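So the chains spell out like this:
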Amino acid sequence: MTYKSGRHFLQIPGPTNVPDRVLRAIDNATVDHRGPEFGTMTLEILEGLKSVFQTKQPVIIYPASGTGAWEAALVNTLSPGDRVLMVETGHFASLWNKMATRLGLSVQLVATDWRRGVDPAVVEETLKQDREHAIKAVCVVHNETSTGCTTRIGAVRRAIDAAGHPALYMVDTISSLASIDYRHDEWGVDVTVAGSQKGLMLPPGLSFNCVSEKARKASQSAKLPRSYWSWDEMLANNKTGYFPYTPATNLLYGLHEALKMLHEEGFANVFARHARHAEATRRAVRGWGLEILCTVPEEYSNSLTTVMMPAGHDADRLRKMILEAYDMSLGTGLGRLAGKVFRIGHLGDFNDLTLAGTLAGVEMGLELAGVPHKKGGVLAAFEHLTASARAPSRKVA
Ligand SMILES: Cc1ncc(COP(=O)(O)O)c(C=O)c1O
């Protein structure tokens, strides 16, 4: 292995770059997870997480990737054969659908062209037609990491209410939490699913369910088999700062530190930072004369941008050349988008110069790979960054 000087640019839309403060926190001796020190830290984490989800409800932490938290949301609330409404906004929505089907649920799937978020009007109409209330849950992905389209979660809530439908509302925030404004309580979400490896700036390995009172009530009669994912034992143990089984001790040290960092920056600043970097990225893409996959401007993602390749050019060849020449990883096209798009991650521990380096790497890569494009995308992004620059306002917790 030949040594490559300088730091690798990990610009996939998660896992994201883990900041040094978090790495240093993880790099501490593992302690007794049933001892007093650990219980105190867990209680601080569980409290600190509430402002991340904008909730007063409990947040459950699993030692698992995001997929585990998807499963936990379904098995704790539903029974075999229950109907769930899902919208196939992209690769991750289709994986959640596959999981629900495997678990014995009956999925009513709304197809899309993978270039937009969930249409609230379709949800309203579908629920209105369900006069018997056979649909037990509406499951949507807030930020489709495969497409770079964000669903308007508040608008979907209003659609469920307008239909007067009692279904549970479940939202996957794996690539939006702590990057894009998300309000579990205000938007009446029953189960929010999240993961550690994106906006929370941690390595993969932790995932979350934030659960409403309605969801907890549903779990009392839900019949899908569950044991590891059960909320009841987890919630009972969490009350005193402990877990029913061994938690991911060192990742929790990291989470404790990441929460401090997010609170120091302030959530309004975190969301504004992501919005500004996303806008600069889109200006770069347009400057190159390339097309953004998402076709609905109010649904553009603030955590990643999916870029379409000109016809006849392979996105994975471009990504490979960028990796070899500039030591930067970009996101691959997933599912039906394989080879047709690449994804630029601009979330997590990320600043103006990280973006500048990322976009420079893409522009140089387009040149190197002979992909037809116009010069000047990077300059368009820089202009936006300088025009919108302001002194960072740091709120000390
Ligand atoms: C929106 C979304 N949902 C679910 C997942 C699956 O999470 P994991 O790979 O951590 O199991 C991902 C992973 O990137 C994702 O982006």
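Residues numbered from 1 in each chain as written. Predicted model: local features only at pLDDT ≥ 70, side-chain atom pairs only at ≥ 80, totals over all residues. Heavy atoms only, no water.

Draft legend 1. Highlighting the packing of helix H10 (residues 267-287) against helix H12 (residues 352-368). Orientation of H10 relative to H12, taken along the N-to-C sense of each, is 20°, at an axis distance of 11 Å. Of the possible angle classes, the one that applies to H10 and H12 is roughly parallel. As for the relative orientation of H10 and H12, their crossing is right-handed in sense. Residue-level contacts link Arg276, His277, Ala280, Thr281 and Ala284 of H10 to Asp352, Leu355 and Leu359 of H12. Classifying every residue of the contact of H10 with H12 by side-chain character gives 4 nonpolar, 2 polar and 2 charged. (Axes fitted to C-alpha atoms, helices over the stretch in contact; angles between N-to-C directions. Helix = DSSP H or I, 4+ residues; strand = E, 2+ residues; numbered from the N terminus. Parallel < 35°, antiparallel > 145°, perpendicular 65-115°, else oblique. Left-handed = near helix turned anticlockwise from the far one by under 90°. Contact = heavy atoms within 4.5 Å. Nonpolar A, V, L, I, M, F, W, Y, C, P; charged D, E, K, R; others polar.)

Draft legend 2. Main features of helix H9 (residues 249-265). Between its first and last C-alpha, H9 extends 25 Å over 17 residues, near the 24 Å set by a 1.5 Å rise per residue. Count one or two residues on from H9 and you reach Gly266, which has phi positive near 90°. (Expected span 1.5 Å × (residues − 1).)

Draft legend 3. Quick look at the nonpolar core. Counting residues in each nonpolar core, the largest one holds 88 residues, and the members touching the most others are Ile61, Trp96, Met170, Phe208 and Leu255. No other element matches the 8 residues that H9 contributes to this core. By size, the runner-up hydrophobic cluster in this structure holds 28 residues, among which are Leu355, Val362, Val371 and Val378. (Core = buried A, V, L, I, M, F, W, Y, C linked by side-chain atoms within 4.5 Å. Buried < 20%, exposed > 50% of the residue type's maximum accessible area, 1.4 Å probe, protein only.)

Draft legend 4. Quick look at the pairing of strand E3 (residues 83-88). Here E3 lies mainly inside the structure; 5 of its 6 residues are buried. Pairing analysis gives 6 bridges linking E3 to strand E4 (residues 106-111), with the strands arranged parallel. Paired with Met86 across the strands is Leu109, a residue of E4. Remark: the E3/helix H4 (residues 91-102)/E4 crossover connection has right-handed handedness. Examined bridge by bridge, E3 and strand E5 (residues 135-141) share 4 bridges and lie parallel to one another. Each bridged residue has a counterpart across the sheet, and for Arg83 the counterpart in E5 is Ile135. (Pairing = 2+ DSSP bridges. Right-handed = clockwise from strand over helix to strand, strands pointing away.)

Draft legend 5. Quick peek at the pairing of strand E8 (residues 168-172). In terms of burial, E8 is a largely internal element, 5 of the 5 residues being buried. Covered by surrounding structure in E8 are Leu168, Met170 and Asp172 together with Tyr169 and Val171, the residues of both alternating faces. Here 5 bridges tie E5 to E8, and the two strands are oriented parallel to one another. In the strand pairing of E8, Val140 is matched with Val171. Two elements, E8 and strand E9 (residues 191-195), share 3 bridges in a ladder whose sense is parallel. If you follow Asp172 over to E9, its bridge partner there is Val193.

Draft legend 6. Spatial organisation of helix H11 (residues 315-326). In this model, H11 (12 residues) spans 16 Å end to end at C-alpha, consistent with the 16 Å of a helix rising 1.5 Å per residue. Taken residue by residue, H11 has Ala315, Leu318 and Ile322 as its buried positions. Axial view of H11: buried residues confined to an arc of 60°, hence all on one face. Turned more than 90 degrees off the buried face of H11, the exposed positions are Lys320 and Glu324. (Arc of directions from axis to C-beta.)

Draft legend 7. Representation of the sheet that holds E5. Strands sit in the order E2-E10-E9-E8-E5-E3-E4 across an open sheet of 7 strands; the sheet is mixed. Edge positions in the sheet fall to strand E2 (59-62) and E4, since each of these pairs with one other strand and no more. On average, each strand axis in the sheet is tilted by 20° relative to the strand beside it, whichever way the strands run.

Draft legend 8. Looking closely at the pattern of salt bridges. The final tally for this structure, using the stated rule, is 19 salt bridges. One salt bridge connects Arg183 with Glu186, and the closest N-O pair in it is separated by 3.3 Å. The class of Glu186 is exposed, set by a relative accessible area of 57%. Salt bridges sharing partners connect three or more residues here, namely Arg21, Glu257, Lys260 and Glu264. (Salt bridge = Lys/Arg side-chain N within 4 Å of Asp/Glu carboxyl O.)

Draft legend 9. Expanded view of unusual backbone geometry. Omega for the bond connecting Gly14 with Pro15 falls within 30 degrees of zero, at 0°, which places this linkage in the cis form. By the element assignment, Pro15 lies in the loop between strand E1 (9-11) and helix H1 (20-26). We note that Met201 has phi near 65°; this positive angle belongs to a residue other than glycine. Locating Met201 in the fold gives a position in the loop between E9 and strand E10 (207-211).

Draft legend 10. Spotlight on the site of the ligand. In the vicinity of the ligand, the contacting residues are Ser65, Gly66, Thr67, Trp70, Phe92, Val141, Asn143, Thr145, Asp172, Ile174, Gln197 and Lys198. A distance of 2.8 Å separates an oxygen atom of the ligand from a polar atom in the backbone of Gly66. Taking Asp172, its side chain carries an N or O atom lying 2.6 Å from a nitrogen atom of the ligand. It is helix H3 (residues 66-77) that contributes the most residues to the shell around the ligand, 3 residues altogether. Of the residues belonging to the shell around the ligand, the class tally is 4 nonpolar, 6 polar and 2 charged. (Near = heavy atom within 4 Å. Polar contact = N/O pair within 3.5 Å; in protein donor to acceptor, adjacent residues only side chain to side chain.)

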